[in-house]
Amino acid sequence: MTAPDAPAGGPQADRPDGVAPSAEELFSTLGTAAIDLPDAGRHAPAHTRGTTALAGPAQVPPPPRTGPTGVRAPSRVDPVVRLASQVVGGPAGRRVAAATGFWRAASALMVFVVLAMAFAVVERQHCRMEGWSSPDQFFHMCYSDVPVLYGSAGLGDPGRPGLVDAVAADGPLGQPPLMAARRWPVSRLVPDEGSAAAARVFFDLSAVLLAAALAVAVLCVASVAGRRRWDAAHLALSPVVVTAGLISYDLFAVALGCAAMLAWSRQKIVTAGVLLGLTVAVRPTYAVLGVVLFAVALRAGAAGRAAATVLVGLGAYLGLRAVLLPGWVGQLGVAFSTWRDGTPGYGSLWLAPQMLAQSKPSNARFWYSGDGLGATASTVLSIVGFSLVVILVLAVALASHRRPRVAHVALVAVVGCLLVSKSVPVQASLLLLPFVAWAGLRWRDHLVWATTEVVYFVAVWLYIGGLTNTDRGMPAGFYLLLMLVRLGGMTWLAVQALRAIRDPLRDPVRLPEDGGPGADDPLGGPADGAHDALVVRLV
């Protein structure tokens, strides 16, 4: 029996060897096909129609893909995962059936969460046993805000502050309201013991709660990811979780942010808004997600729904402040004044001039010797930087050749906000992990960035410890260099996201490597598969 001939004009017609072209070759010819076919726009899916007047001929997506429909196996397509799988027997073979149930992947992901948090606790074991004292906690790299603030804020004292006093903008905790509010009830669970033992108990209780928050975040990422559920391992197994997961309560912001994005992907407008507002009350950097949702939805003609989500989020944020803090705006002015009057903190790009002046060689004739950027200059630069990030988000969302996915735009936006912030603590990098997973980045790119984070993790504690003991500390020049390397690692992630936006062949979510069915925008909510209502061409 012989195989039937290919239809005339089919994909094999122009190939002398009779082999059908690959998906990449088909995808690369779509632009010319749209011009040659006068009714191409009529057959295009919803998310590519409606752009002819603004952007030329409608784009034609790849033909319907056939292939695996179960959960994607990373060990088959990702070289790094394939190599790492050797410790558990090697990559999945061709006779291994693809998993289809959600919990088949989620159960393994929960094991990864437990392992990562266990390593995070072990990494701080010295301080758990010996106490968090300076400079010992820095040289052993086991510093954590969790027990340190427990002691400095008097949460374990007989006259411990009440909830309102503890979370006040000028209160002893000095943190965003909901982050501070989460510490207070945990402190009430600590028995009245010695200060060292009480701090250890508070740390252990917080570690359990943070592990639960990480588990929630991983489940939310896996729920949105569809057949790419294993991408949630970027969050569950990241080295950044080990180094930064227990420094502060930032994993609560990650969990709330992931839940907000999950609600948005399910088009739960009010729920997404409330969760987004609570997320900002834990870590204000995530406020940029409101801009991302609005920008992508504006292109898809769903700006009203995104605006409603942002307004609900703003109401939830202000309402929470009004409940927890005195004043009808919940000391919002006090919080802004505190941020405005603060000088650049560790990890910030605006700290570079000060570090440069401190690293002047003894024999240098020409060197910067100023005092660095003060509070006013760094505040102005940060505000200008945030404004540029907003403009960049709008430009990327509205002017790209094809509507970008929310995950890619969000990764660019969060990286941009961190690069221009007045302070970029070690734990701030946790905010990037969900979007690294949703963007479908390769583990190679993840590990390139994570390596810079681990190196900076060592550098910042050695530098801070050296302020007390110069014989063991890191000089300012080396700290500056490694700080810039870390910021470069963050930029690397943003560049990978921009490359995927510019070249859809680099987006494994829309064009899976294993030949399975792709998806338009799992995180897009009302923008997923929608018409392009507004496209702006910059040239």
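Cut-off values and rules
Residues numbered from 1 in each chain as written. Predicted model: local features only at pLDDT ≥ 70, side-chain atom pairs only at ≥ 80, totals over all residues. Heavy atoms only, no water. Helix = DSSP H or I, 4+ residues; strand = E, 2+ residues; numbered from the N terminus. Buried < 20%, exposed > 50% of the residue type's maximum accessible area, 1.4 Å probe, protein only. Contact = heavy atoms within 4.5 Å. Areas by Shrake-Rupley, 256 points an atom, 1.4 Å probe, with all protein chains shown as cover. Core = buried A, V, L, I, M, F, W, Y, C linked by side-chain atoms within 4.5 Å. Phe/Tyr/Trp six-rings, centres within 6.5 Å; stacked < 30°, edge-to-face > 60°. Lys NZ or Arg CZ within 6 Å of the ring centre and 35° of its normal. Salt bridge = Lys/Arg side-chain N within 4 Å of Asp/Glu carboxyl O. Disulfide = S-S within 2.5 Å. Expected span 1.5 Å × (residues − 1). Patch = residues over 30% accessible without salt bridge, like charges linked within 9 Å, V, L, I, M, F, W, Y side chains within 5 Å. pLDDT = per-residue confidence, 0-100. Axes fitted to C-alpha atoms, helices over the stretch in contact; angles between N-to-C directions. Parallel < 35°, antiparallel > 145°, perpendicular 65-115°, else oblique. Left-handed = near helix turned anticlockwise from the far one by under 90°. Nonpolar A, V, L, I, M, F, W, Y, C, P; charged D, E, K, R; others polar. 1 Å grid on protein atoms, 1.4 Å probe; cavity = no way out; pocket = protein on both sides within 12 Å on 5 of 7 lines; lining within 4 Å. Points joined across faces, edges and corners; volume = space filled by probe spheres on them. Polar contact = N/O pair within 3.5 Å; in protein donor to acceptor, adjacent residues only side chain to side chain.

S.K.: Hey, could you run me through the overall build of the chain in this one?
M.R.: Secondary structure assignment for the chain yields 26 helices and zero strands. Per-residue burial for the chain yields a buried fraction of 49% across its 539 residues. Of all intrachain contacts in the chain linking residues separated by at least 6 positions in sequence, the fraction that spans at least 24 positions is 74%. By element, 65% of the accessible surface of the chain is carried by carbon and sulfur atoms, the whole surface being about 23,800 Å².

S.K.: Would you mind going over the nonpolar core with me for this structure?
M.R.: The tendency in soluble globular proteins is for nonpolar side chains to be buried as a group. Residues Leu411, Trp461 and Tyr479 are the most contacted members of the largest nonpolar core, which totals 143 residues. The dominant element in this core, judged by the number of residues it contributes, is helix H13 (residues 195-225), at 15 residues. Not counting residues up to four positions away in its chain, the partners in contact with Trp461 are Phe138, Met141, Tyr143, Ile247 and Val426.

S.K.: Could you clarify how one ought to interpret the packing of aromatic side chains in this entry?
M.R.: Each aromatic ring pair is summarised here by two numbers: the centre-to-centre distance and the angle between the ring planes. Counted under the stated rule, the structure contains 15 aromatic pairs. Pairing Tyr286 with Phe435 gives two aromatic rings, centres 6.1 Å apart and planes at 85°, and the pair type is edge-to-face. Here Tyr286, found in the loop between helix H17 (269-282) and helix H18 (288-299), pairs with Phe435, found in helix H24 (residues 433-438); they are 149 residues apart in sequence, far enough to count as distant. Residue Tyr286 shares its accessibility class with Phe435, and that shared class is buried. Among the aromatic residues, those joined into a ring-pair cluster are Phe138, Tyr143, Phe457 and Trp461. Here the basic side chain of Arg183 rests over the ring of Tyr249, its NZ or CZ set 4.6 Å away from the ring centre. Lys422 extends its terminal NZ or CZ atom over the ring of Trp339, reaching a point 5.1 Å from the ring centre.

S.K.: Quick question: what am I supposed to make of the pattern of salt bridges here?
M.R.: By the definition in use, this model includes 13 salt bridges. The partner of Arg128 in a salt bridge is Asp204, and the shortest N-O contact between them spans 2.8 Å. Here the residue Arg128 occupies a position in helix H8 (residues 125-130), and Asp204 occupies one in helix H13, the gap between them amounting to 76 residues. With a closest N to O distance of 3.4 Å, Asp532 and Arg299 form a salt bridge. Of this pair, Asp532 sits in the segment after helix H26 (476-502) while Arg299 sits in helix H18, placing them 233 residues apart in sequence.

S.K.: Quick question: what am I supposed to make of the state of the cysteines here?
M.R.: A covalent bond bridging the sulfur atoms of two cysteines is what the word disulfide describes. Tallied over the full model, the rule gives one disulfide. Counting only cysteine sulfurs, Cys258 is the nearest neighbor of Cys220, a cysteine outside any disulfide, at a range of 6.0 Å. Residue Cys220 is classed as buried on the basis of its relative accessible area, which comes to 8%. Judged by its relative accessible area of 1%, Cys258 is buried.

S.K.: Before we go on, may I ask you to explain the side chain of Thr452 in this structure?
M.R.: Tracing the chain through its elements places Thr452 in helix H25 (residues 443-466). Given the relative accessible area of 11%, Thr452 is considered buried. Once you skip the residues sitting within four places of it in the chain, Thr452 turns out to touch Val485, Arg486 and Gly489.

S.K.: Whenever I open this one, the environment of Val495 confuses me. Can you help?
M.R.: Relative to the helices and strands, Val495 is located in helix H26. For Val495, a relative accessible area of 35% corresponds to the partly exposed category. Along the chain, Val495 and His408 lie 87 residues apart, while their C-alpha atoms are 9.9 Å from each other.

S.K.: Where do I start with H13 in this structure?
M.R.: Under the 1.5 Å per step criterion, the end-to-end length of H13 is 44 Å for 31 residues, consistent within 8% with the ideal 45 Å. Downstream of H13 by a residue or two, Gly226 has a phi angle that is positive, lying close to 65°.

S.K.: Could you clarify how one ought to interpret helix H16 (residues 250-265) in this entry?
M.R.: Every α-helix carries 3.6 residues per turn, so stepping three or four residues along brings you back to the same face. With 16 residues, H16 extends 23 Å between its outermost C-alpha atoms, agreeing within 8% with the 22 Å of an ideal straight helix rising 1.5 Å per residue. Burial runs high along H16: 15 of the 16 residues are buried. Phi for Gln267, located one or two positions after H16, is positive at around 60°.

S.K.: Is there a simple way to think about a nonpolar patch on the surface in this case?
M.R.: A grouping of Phe294, Val310, Val390 and Leu394 is seen on the molecular surface, where their side chains present a nonpolar patch of about 250 Å² in accessible area. Of the residues examined, Val310 reaches a relative accessible area of 31% and is grouped as partly exposed.

S.K.: Whenever I open this one, the confidence of the model for the chain confuses me. Can you help?
M.R.: Close reading of the predicted structure is inappropriate where its pLDDT is low. For the chain, the average pLDDT comes to 82, and 80% of its residues sit at 70 or higher. Low confidence marks residues 1-67, where pLDDT is under 50. Its contacts with residues over four positions away, or in another chain, come to 73 contacts.

S.K.: Would you mind going over the packing of helix H23 (residues 406-419) against H26 with me for this structure?
M.R.: The packing of two helices is summarised by the inter-axis angle and the distance between the axes. Between H23 and H26, the least distance of the axes is 9 Å, while the angle of their chain directions is 155°. As judged from the angle between their axes, H23 and H26 are roughly antiparallel. Between H23 and H26 lies a crossing of left-handed hand. In contact with His408, Val409, Leu411, Val412, Val415, Leu418 and Leu419 of H23, H26 contributes Leu487, Met490, Thr491, Leu493, Ala494, Ala497, Leu498, Ala500 and Ile501. Counted by class, the contact of H23 with H26 contains 14 nonpolar, two polar and no charged residues.

S.K.: Please clarify how the packing of H16 against H17 should be interpreted in this entry.
M.R.: Relative to each other, H16 and H17 sit at 160°, their axes nearing to 8 Å. When the axis of H16 is compared with that of H17, the two are roughly antiparallel. The interaxial crossing formed by H16 with H17 has left-handed handedness. Counted together, Phe252, Ala253, Leu256, Gly257, Ala259, Ala260, Ala263 and Trp264 of H16 and Ile269, Thr271, Ala272, Leu275, Leu276, Leu278, Thr279 and Val282 of H17 form the full contact between these two elements. Of the residues that constitute the contact of H16 with H17, the class distribution is 13 nonpolar, three polar and no charged.

S.K.: So what exactly am I meant to see when it comes to empty space enclosed by the protein here?
M.R.: Any space left empty among the atoms is revealed by the rolling of a water-sized probe across them. Applying the stated criterion across every chain, the model contains one cavity of 30 Å³ or more. Approximately 60 Å³ is the volume attributed to the largest cavity. Surrounding the largest cavity, Arg402, Arg403, Pro404, Arg405, His408, Ala500, Ile501, Pro504, Asp507 and Arg510 form its lining. Along the lines of polarity and charge, the residues of the lining of the largest cavity split into four nonpolar, one polar and five charged.

S.K.: Explain the side chain of Ser144 here, please?
M.R.: Summarising the element assignment, Ser144 is placed in the loop between helix H9 (136-139) and helix H10 (145-152). From its side chain, Ser144 meets the backbone nitrogen of Val146 in a polar contact 3.2 Å long. If we skip the residues at most four places from it in the chain, Ser144 touches Arg124, Trp132, Phe203, Leu246 and Ile247.

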